[in-house]
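Residue strings, one per chain:
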Amino acid sequence: MKRGTTPTLPIKINMPFDSVVRVEFIFKKDKTEYANTLLHKVFDNEIPIADGDTSKSFTVNLKLNAEETMRLSEGDVYMDTRIVLTGNLIPSTKIVKINVAETLFREVYRSD
């Protein structure tokens, strides 16, 4: 993914959609819980999923805007997913490494 763009990341969740109450995504520069959070997205009422059969698995269409991708640092960043099921059960998920490409438009679209 490139900084300053508006990508949609398709994230497959291998469990029935009906059992999911909340989905969270957190992005950090380093693969440690002590690293600073670059981006945190939470979906608990309207989870943006792809159309299709959701009885066994579903895909979350994680849309990022240009401002959100600018929060991500160039190089490898790590995304962790937290899924909360009915009954407050939280299954284990894998941490995913995502490569973020730099942009040359930083000073043109900087908001500060």
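Each remark here, short or long, concerns the structure printed above.
Conventions and cut-offs
- Residues numbered from 1 in each chain as written.
- Predicted model: local features only at pLDDT ≥ 70, side-chain atom pairs only at ≥ 80, totals over all residues.
- Heavy atoms only, no water.
- Helix = DSSP H or I, 4+ residues; strand = E, 2+ residues; numbered from the N terminus.
- Buried < 20%, exposed > 50% of the residue type's maximum accessible area, 1.4 Å probe, protein only.
- Contact = heavy atoms within 4.5 Å.
- Areas by Shrake-Rupley, 256 points an atom, 1.4 Å probe, with all protein chains shown as cover.
- Lys, Arg positive; Asp, Glu negative; His and termini not counted.
- Charge placed at Lys NZ, Arg CZ, Asp CG, Glu CD.
- Core = buried A, V, L, I, M, F, W, Y, C linked by side-chain atoms within 4.5 Å.
- Phe/Tyr/Trp six-rings, centres within 6.5 Å; stacked < 30°, edge-to-face > 60°.
- Salt bridge = Lys/Arg side-chain N within 4 Å of Asp/Glu carboxyl O.
- Pairing = 2+ DSSP bridges.
- Axes fitted to C-alpha atoms, helices over the stretch in contact; angles between N-to-C directions.

S.K.: Can you walk me through the overall build of the chain in this structure?
M.R.: Across its full length, the chain holds two helices and six strands. Overall, the chain is about 45 × 30 × 20 Å in size when its C-alpha atoms are taken along their principal axes. A burial count over the chain gives 34% of its 112 residues as buried. Counting contacts in the chain only where the partners sit at least 6 residues apart, residues at least 24 apart contribute 65% of the total. Summed over its atoms, the accessible surface of the chain is roughly 7400 Å², and 48% of this surface lies on carbon and sulfur atoms. Distance between charge centres in the chain, computed from 16 positive and 16 negative side chains, equals 4 Å.

S.K.: Before we go on, may I ask you to explain the nonpolar core in this structure?
M.R.: General note: in soluble globular proteins, nonpolar side chains tend to be found buried as a group. Among the nonpolar cores identified, the biggest contains 23 residues, and Val-20, Phe-25, Phe-27 and Leu-62 are the most heavily contacted of them. Within the residue set of this core, elements represented by two or more residues are strand S1 (8–13), strand S2 (20–28), strand S3 (37–43), strand S4 (58–63), strand S5 (75–85) and strand S6 (96–100). Beyond its immediate chain neighbours, meaning those up to four positions away, Phe-27 contacts Leu-9, Asn-36, Thr-37, Leu-38, Leu-39, Leu-62, Leu-72, Val-77, Tyr-78, Met-79 and Ile-98.

S.K.: I keep staring at the packing of aromatic side chains and nothing clicks. Help me out?
M.R.: Aromatic ring pairs are described here by two measures, namely the spacing of the ring centres and the angle between the planes. Under the criterion given, the structure shown has two aromatic pairs. Taken together, a centroid distance of 5.0 Å and an interplanar angle of 75 degrees make the contact between Phe-17 and Phe-58 edge-to-face. Separated by 41 residues along the polypeptide, Phe-17 in the loop between S1 and S2 and Phe-58 in strand S4 bring together distant segments of the chain. Given a relative accessible area of 3%, Phe-58 falls into the buried group. Aromatic pair Phe-25 and Phe-43: ring centres 6.4 Å apart, planes at 70 degrees, arrangement edge-to-face. Within this pair, whereas Phe-25 is found in strand S2, its partner Phe-43 is found in strand S3, the two being separated by 18 residues in sequence.

S.K.: Explanation requested: the pattern of salt bridges in the structure shown.
M.R.: Side chains that differ in sign of charge can pair as their charged atoms come close. Throughout the structure, instances matching the rule amount to seven salt bridges. Glu-24 is the salt-bridge partner of Arg-22, the closest N and O atoms lying 3.0 Å from each other. The partner of Asp-76 in a salt bridge is Lys-97, with the nearest N and O atoms 3.9 Å apart. Pair noted here: Asp-76 is in strand S5 and Lys-97 is in strand S6, with a separation of 21 residues, a long-range link.

S.K.: Honestly, the sheet that holds S5 in this entry has me stumped. Any pointers?
M.R.: Working definition: the strands of a sheet are paired by backbone hydrogen bonds and lie parallel or antiparallel to each other. Pairing is antiparallel across the open sheet formed by four strands, whose spatial order is S3-S2-S5-S6. Both edges of this open sheet fall to S3 and S6, since each of them pairs with a single strand only. This sheet shows a mean twist of 25 degrees between the axes of neighbouring strands, independent of strand direction.

S.K.: Please clarify how unusual backbone geometry should be interpreted in this entry.
M.R.: Excluding glycine, residues mostly carry a negative phi; peptide bonds, for their part, are mostly trans. A positive phi angle, near 60 degrees, is found at Asn-88, a position not held by glycine. When you line up the elements, Asn-88 lands in the loop between S5 and S6.

S.K.: Would you mind going over the pairing of S5 with me for this structure?
M.R.: A regular strand carries its side chains on alternate faces of the sheet. Both S2 and S5 contribute to a ladder of eight bridges, which runs antiparallel. Following the sheet pairing, Ile-26 is matched in S5 by Asp-80. Across five bridges, the pairing between S5 and S6 is antiparallel. Following the sheet pairing, Met-79 is matched in S6 by Val-96.

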